[in-house]
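What follows is the residue order along each chain.
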Amino acid sequence: MAEFQFKAYSPQGALVSGSLEAASEAAAFASLRDRQMIPVEIAAGAAPASAGGGSKARYDRVFLARFTRMMASLLASHVPLVDAVAITLENEKKARPRRMLETVRKAILNGASLSEALEKAPGFSPAYYRSMVVAGEKSGSLGVVLGDLAEQIEHEQTIRSRIRSGLLYPAILFATSLVVLFVISSVLIPAITPLFENSGKELPTAIAMVTGARVFVTENWIAILTGLALCVVAMLRARHHGAVQRAVERLAFATPLIGSLKANVEVAHFAKTLSIMLRNGVSLVNSLEATAGALKSHASRDLVARAIAELRNGERLADSIDAAGHFPMLAKRLIRIGEETGTLPDMLAHVAKTLEEESTRQVALIFQLVPPVLTLLIGLGVGSFILVIMDAVLSVNDLAF
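Given the structure is predicted, the values throughout are model-derived calculations rather than measurements. (Residues numbered from 1 in each chain as written. Predicted model: local features only at pLDDT ≥ 70, side-chain atom pairs only at ≥ 80, totals over all residues. Heavy atoms only, no water.)

Enquirer: So what's going on with the overall build of the protein chain? Residues and values would help.
Expert: Helix and strand counts for the protein chain stand at 16 helices and three strands. Relative to its full complement of 401 residues, the protein chain shows a buried share of 42%. For the protein chain, the share of sequence-separated contacts (at least 6 apart) that also reach a separation of at least 24 residues comes to 60%. Summing over all exposed atoms, the protein chain offers an accessible surface of approximately 20,500 Å²; the carbon and sulfur share of this is 63%. (Helix = DSSP H or I, 4+ residues; strand = E, 2+ residues; numbered from the N terminus. Buried < 20%, exposed > 50% of the residue type's maximum accessible area, 1.4 Å probe, protein only. Contact = heavy atoms within 4.5 Å. Areas by Shrake-Rupley, 256 points an atom, 1.4 Å probe, with all protein chains shown as cover.)

So, in structure tokens, the structure goes:
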């Protein structure tokens, strides 16, 4: 038996943490489920860093997407499970994924199912992924589930890739601007300052401010670095604090364009995961429990916890969804219609597809606007500074008269 630290939502919807003893992570997960709790994070030994954050940071998203897509294709072609894993292993180049795949392959050769084998390879996949694999195994449609998972992971990767590429040019421009400012402040200004001092004239305001700042940094660099280090440590600690995370989430949801994009991505992820679970014969409550582990925001996880508690009391999912401020109206209406007509899995799939397409358009729109706006702002800031400094430099000519 080993000790596991956990964070989970209670049947009343409260986030609780604690420890328990279990033979494996899967057994700890099952133990929490037996208590009607929704596991958010389980870790052996040390306590999890944050709700929903620890396991997500360990697994390789790119590798997981590649593995899932290949496995889905091979299983759809009726390749035996152990052979499919072996083929995936042969095609993997990176050392760490190869070690995990070898662990999975050996477990399957010893009679384990894919979900059980994944449990034996820590850092391979998040908890919700394994829950969906279990659903696929129980319903006999593992290949279909893996195909749906591959689409979901690939869509997330596409959005991340577009965000990174959209921010690349502004980041390069900003870094170049910092270099220009550093050269002006540390080379040009010190070179002309003695001219003003020797002439007995007062330094121009811009040059005096830059010179004063440079002297202050030179004399107090140890205190400044210490202060910056303390600020970084405080920020790293604060970002794991629930109240801080919720405040940041509220700010993100309230931000124009960014808030709508974040809501669409999160709700699409929720709808897609829940749809896959329901289509494969998992009950609504159990599907929501597995879906909770796939969600990133506190608002969404709180919503799922409340929904599960209300479903156990005879309420409808749509009633809980209506109280969610970040859910698009389209999603609320289609989920209600799906519950009333008995087509909830299909409606959730439609919600996911619609919001994924909308989020793709929003990313394209944002990054049509962000690079030129950031370029303009950086140009105005740096250009204004350079103009002020150059005006002061040109005033050197006046010293001769």
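There is more to say, and it comes next.
Enquirer: Explain the environment of P97 to me, and be specific about the residues and the numbers.
Expert: For P97, the location among the structural elements is in helix α4 (residues 95-109). Sequence-wise, P97 and L64 are 33 residues apart; in three dimensions their C-alpha atoms are separated by 9.1 Å. Discounting chain neighbours no more than four positions away, the residues touching P97 are F63 and E92.

Enquirer: Describe the nonpolar core, with residues and values.
Expert: With 38 residues, the main nonpolar core has M71, V104, L114, F124, Y129 and L146 as its most contacted residues. Going through the elements one at a time, α2 (61-76), α3 (81-91), α4, α5 (114-119), α6 (127-139), α7 (142-199) and α11 (258-279) are the ones with two or more residues in this core. The dominant element in this core, judged by the number of residues it contributes, is α2, at eight residues. The contact partners of L146, leaving out residues within four places of it in the chain, are T68, M71, A72, L75, L114, Y129 and V133. Residues F327, I335, V351 and A352 belong to the second largest nonpolar core, which totals 28 residues. (Core = buried A, V, L, I, M, F, W, Y, C linked by side-chain atoms within 4.5 Å.)

Enquirer: Can you tell me about α4, naming the residues and giving the values?
Expert: Given a rise of 1.5 Å per residue, 15 residues ought to cover 21 Å, and the 21 Å separating the end C-alpha atoms of α4 matches this to within 8%. Three or more residues of α4 are buried, namely P97, M100, L101, V104, A107 and I108. The buried side chains of α4 occupy one side of the element, clustering within an arc of 120 degrees when seen end-on. Opposite the buried face of α4, by more than 90 degrees, sit the exposed residues R99 and L109. Those residues of α4 that are buried lie in contact with α2, α3 and α5. Once α4 ends, the next one or two residues include G111, with phi positive near 100 degrees. (Expected span 1.5 Å × (residues − 1). Arc of directions from axis to C-beta.)

Enquirer: Describe the environment of R33, with residues and values.
Expert: Mapped onto the elements, R33 comes out in helix α1 (residues 25-34). As a C-alpha pair, R33 and E289 span 256 residues in sequence and 8.4 Å in three-dimensional space.

Enquirer: Go over a nonpolar patch on the surface, please, and point to the residues and values.
Expert: A cluster of nonpolar side chains, I163, L167, L257, I258, L365, L369, V373, L374 and L377, forms an exposed patch at the surface whose accessible area comes to about 710 Å². Broken down by secondary-structure element, the contributors of at least two residues to the nonpolar patch are α7 and α16 (344-394). Its place among the elements puts V373 in helix α16. Using a relative accessible area of 45% as the deciding quantity, one classes V373 as partly exposed. (Patch = residues over 30% accessible without salt bridge, like charges linked within 9 Å, V, L, I, M, F, W, Y side chains within 5 Å. Salt bridge = Lys/Arg side-chain N within 4 Å of Asp/Glu carboxyl O.)

Enquirer: Describe the side chain of Q157, listing the residues and the values that go with them.
Expert: Following the sequence through the fold, Q157 ends up in helix α7. Setting aside residues up to four positions removed in sequence, Q157 forms contacts with R61 and V62.

Enquirer: Could you give an account of the packing of aromatic side chains, with specific residues and numbers?
Expert: For any two aromatic rings, the description comes down to two numbers: the centre-to-centre distance and the angle of the planes. In total, this model carries four aromatic pairs according to the counting rule given. Taken together, a centroid distance of 4.9 Å and an interplanar angle of 85 degrees make the contact between F67 and F124 edge-to-face. Residue F67 is found in helix α2, and its partner F124 is found in the loop between α5 and α6; the two are separated by 57 residues along the sequence. Both residues of the pair, F67 and F124, belong to the buried class. Their ring planes at 75 degrees and their centres at 5.5 Å tell us that F270 and F327 sit as a pair that is edge-to-face. Of the two residues, F270 is situated in helix α11 and F327 in the loop between α14 (317-322) and α15 (329-341); the sequence distance between them amounts to 57 residues. F327 matches F270 in its accessibility class, with the two residues each being buried. Among the aromatic side chains, those forming a connected cluster through ring pairs are F63, F67 and F124. (Phe/Tyr/Trp six-rings, centres within 6.5 Å; stacked < 30°, edge-to-face > 60°.)

Enquirer: Residues and numbers for the confidence of the model for the protein chain, please.
Expert: The predicted model of the protein chain averages 80 in pLDDT, with 90% of residues at 70 or higher. Considering only residues more than four positions removed or in separate chains, one finds that residues 46-57, a stretch of pLDDT under 50, has 30 contacts. (pLDDT = per-residue confidence, 0-100.)

Enquirer: Explain the pattern of salt bridges residue by residue, including any values.
Expert: Per the stated rule, a full pass over the model turns up twelve salt bridges. The shortest N-O distance in the salt bridge between K272 and E151 comes to 3.8 Å. A residue pair is termed long-range when its members are at least 10 positions apart, and K272 in helix α11 and E151 in helix α7 qualify at 121 residues. R160 serves as the salt-bridge partner of E156, at 4.0 Å between the closest nitrogen and oxygen. Residue E156 and its partner R160 are both found in helix α7; the two are separated by four residues, about one turn of the helix. Each of the salt bridges in this network shares a partner with another, and the network as a whole consists of E151, K272 and E356.

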